Amino acid sequence: EAKIIIIAMSSYMQEIAIFIRLTRWNHWILNIGFVLAGFFLHRPEPGLYTLLLPIVVVFFFVESFGFAINDYFDAPFDKLKPITNNVISKGLLKRSNAAAFITFLLLFGLTFSFIYLPVTSFLLIALLYLLYFAYSSPPFRLKEKAFLGLIAHGAWSSLLLLASSLIVSPLK
């Protein structure tokens, strides 16, 4: 009986690992520097440090959403490549499960930011989600429109920096 439980837990952990791979966290984790820079830019009072955790949590959900939705819409194209890291195109994750997970990343990130962040930061986070969506999804697919794709890449970092900066020094 214990062996069955261990096997079941092992299978469950493998599924979780696939969802984590969908976020491609190792591609964006260093972007947390923009969040930290924006937060500490205004030398926050010690009492404001409690606001750092919410922006970091939101950062993880926004970035995970951005990379997951990109893989979701790239899956048909990545399937044609001889080598891909896309877990959807490899058949390791059903599109419907990926869509549900991506929806969770969106709803949780927006709800959390609405509850814990100032309105200006929340609006920038919502804009960031929208930008990630437009970058990857048809009919927009900014990534396929050379110059617009480059602008989107620059905007992500700027929006992260600004959203975390406005937590410490909101617009008056």
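Here, the structure is the one placed above.
Worth saying up front: this structure is predicted, and the values here are computed from it rather than measured. (Residues numbered from 1 in each chain as written. Predicted model: local features only at pLDDT ≥ 70, side-chain atom pairs only at ≥ 80, totals over all residues. Heavy atoms only, no water.)

## Focus on a nonpolar patch on the surface
Then comes step 1: Taken together, the side chains of Tyr 12, Met 13, Ile 16, Ile 20 and Trp 25 present a nonpolar region at the surface, about 530 Å² in accessible area.
Then comes step 2: When residues in the nonpolar patch are grouped by element, the largest group, 4 residues, is from helix α1 (residues 2-23).
Then comes step 3: Note that Ile 20 resides in helix α1. (Patch = residues over 30% accessible without salt bridge, like charges linked within 9 Å, V, L, I, M, F, W, Y side chains within 5 Å. Areas by Shrake-Rupley, 256 points an atom, 1.4 Å probe, with all protein chains shown as cover. Salt bridge = Lys/Arg side-chain N within 4 Å of Asp/Glu carboxyl O. Helix = DSSP H or I, 4+ residues; strand = E, 2+ residues; numbered from the N terminus.)

## A word on helix α3 (residues 32-40)
Then comes step 1: Those residues of α3 that fall on the buried side of the exposure criterion are Val 35, Gly 38 and Phe 39. Relative to the axis of α3, the buried residues are bounded by an arc of 100° and lie together on one face.
Then comes step 2: Buried residues in α3 make contact with α4 (52-78) and α7 (146-168). (Buried < 20%, exposed > 50% of the residue type's maximum accessible area, 1.4 Å probe, protein only. Arc of directions from axis to C-beta. Contact = heavy atoms within 4.5 Å.)

## A few points about the environment of Tyr 132
Then comes step 1: Tracing the backbone through its elements, the reader meets Tyr 132 in helix α6 (residues 119-136).
Then comes step 2: Along the sequence, Tyr 132 and Lys 143 sit 11 residues apart, while their C-alpha atoms lie 9.9 Å from each other.
Then comes step 3: Non-local contacts of Tyr 132, meaning those with residues more than four positions away in its chain, are made with Val 62, Glu 63, Phe 65, Gly 66, Ile 69 and Trp 156.

## Section: the side chain of Ser 164
Then comes step 1: By the secondary structure assignment, Ser 164 is in helix α7.
Then comes step 2: At 3.1 Å, the side chain of Ser 164 and the backbone oxygen of Leu 160 are in polar contact.
Then comes step 3: Not counting residues up to four positions away in its chain, the partners in contact with Ser 164 are Phe 34, Val 35, Gly 38, Phe 39 and Ile 55. (Polar contact = N/O pair within 3.5 Å; in protein donor to acceptor, adjacent residues only side chain to side chain.)

## Quick notes on the pattern of salt bridges
Then comes step 1: For the structure on display, the rule yields 5 salt bridges.
Then comes step 2: Note that Arg 24 and Asp 71 form a salt bridge whose closest N and O atoms lie 3.3 Å from each other. With Arg 24 in the loop between α1 and α2 (25-28) and Asp 71 in helix α4, this pair connects stretches of sequence that are 47 residues apart. One exposure class covers both Arg 24 and Asp 71, and it is buried.
Then comes step 3: Here Asp 74 makes a salt bridge to Arg 141, at a shortest N to O gap of 2.9 Å. Here Asp 74 is found in helix α4, whereas its partner Arg 141 is found in the loop between α6 and α7, with 67 residues between them in sequence.
Then comes step 4: Asp 74 gets classed as buried once you look at its relative accessible area, which sits at 9%.
Then comes step 5: Here the residues in one salt-bridge network are Asp 74, Arg 141, Lys 143 and Glu 144, joined through shared partners.

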